[in-house]
Amino acid sequence: MKLFYALLVSFILCASAQADNHSSNEQSVLNALEQYQKAINSADWDAVVDLQSDTGTYQSNSDGSFHKPLAINTKSDWQKAFQKNSMTSFFYPEAISISDNVVLVRAYSEGVIGGDSPTPYRTRVTMVWITENNGWVIKSSHWSPANFGGVHRTQATDFVD
C-alpha cells in the first residue's frame, strides 16, 4: 500500500510540474532566452551565434519585411545589423514543450531601437528552440509589431542582398 501511495504522489507531482510549465526543458529554454537577450544587449555576437542553430534559422522581423530565407548568421552579420543605442528586454516569456527536443517560446520584447535617434520598440515574439550539440538553440523566430501608434524601425540590412 505504501508503494501505491508513493507512486500516486510521484505521478501527481510530475503531472502538476508539466501543467504549470515547469518542465526542465521549458526552464532550460527560458534560461537560454535570457542568455540570448543579454548577449544581444551587450553585443556579444559570439554568444548570439552560439544560441542559433548551426544548420541555420528561419526569421521574420517586426519591420514589415518578408520572411527571411534559411540563414546561417555570423558574428559579422550581427555586427552589421545591430543599431547602436539599442536595448531591449523580454517580458512575460512562456515556454511550451512540443516534444522532447522542441520548445515553443512566446514573449513580448520591449525597449528602444537605436541609431542616432532611439525610438520605442515593442513586438511580439514567437520562437522555436531545438536541441543541438547538447544545448538549446533557436531554429525559427517571428517578431511581429505590437504597435502603439505604428512604431517600427526598418533595418538597412533588409535591403542588402
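Residues numbered from 1 in each chain as written. Predicted model: local features only at pLDDT ≥ 70, side-chain atom pairs only at ≥ 80, totals over all residues. Heavy atoms only, no water.

K.L.:
Sorry if this is basic, but what is going on with the sheet that holds strand E3 (residues 102-113) here?
P.N.:
Across a sheet, strands are paired by hydrogen bonds formed along the backbone, either parallel or antiparallel in direction. Reading across from one edge, E1-E5-E4-E3-E2 is the order of the 5 strands in this open sheet, with mixed pairing throughout. This sheet does not close on itself; its edge strands, each paired only once, are strand E1 (58-60) and strand E2 (87-99). Taking the axes of each pair of neighbouring strands and ignoring which way they run, one obtains an average angle of 20 degrees across the sheet. Inspection of the sheet shows E1 paired to strand E5 (residues 135-145) by 3 bridges, in the parallel sense. Bridge pairing links Ser60 to His142 in E5. Helix H2 (residues 24-41) contacts E2, E3, strand E4 (119-132) and E5 of the sheet and is inclined by roughly 155 degrees relative to E2. (Pairing = 2+ DSSP bridges. Helix = DSSP H or I, 4+ residues; strand = E, 2+ residues; numbered from the N terminus. Axes fitted to C-alpha atoms, helices over the stretch in contact; angles between N-to-C directions. Contact = heavy atoms within 4.5 Å.)

K.L.:
Any chance you could explain the pattern of salt bridges here in plain terms?
P.N.:
Side chains carrying opposite charge are able to pair once their charged atoms draw close together. In total, this model carries 5 salt bridges according to the counting rule given. Of the charged contacts in the structure, one is a salt bridge between Asp116 and Lys84, with a shortest N-O distance of 3.6 Å. With a gap of 32 residues between them, Asp116 in the loop between E3 and E4 and Lys84 in the loop between helix H4 (75-81) and E2 connect regions that are remote in the sequence. (Salt bridge = Lys/Arg side-chain N within 4 Å of Asp/Glu carboxyl O.)

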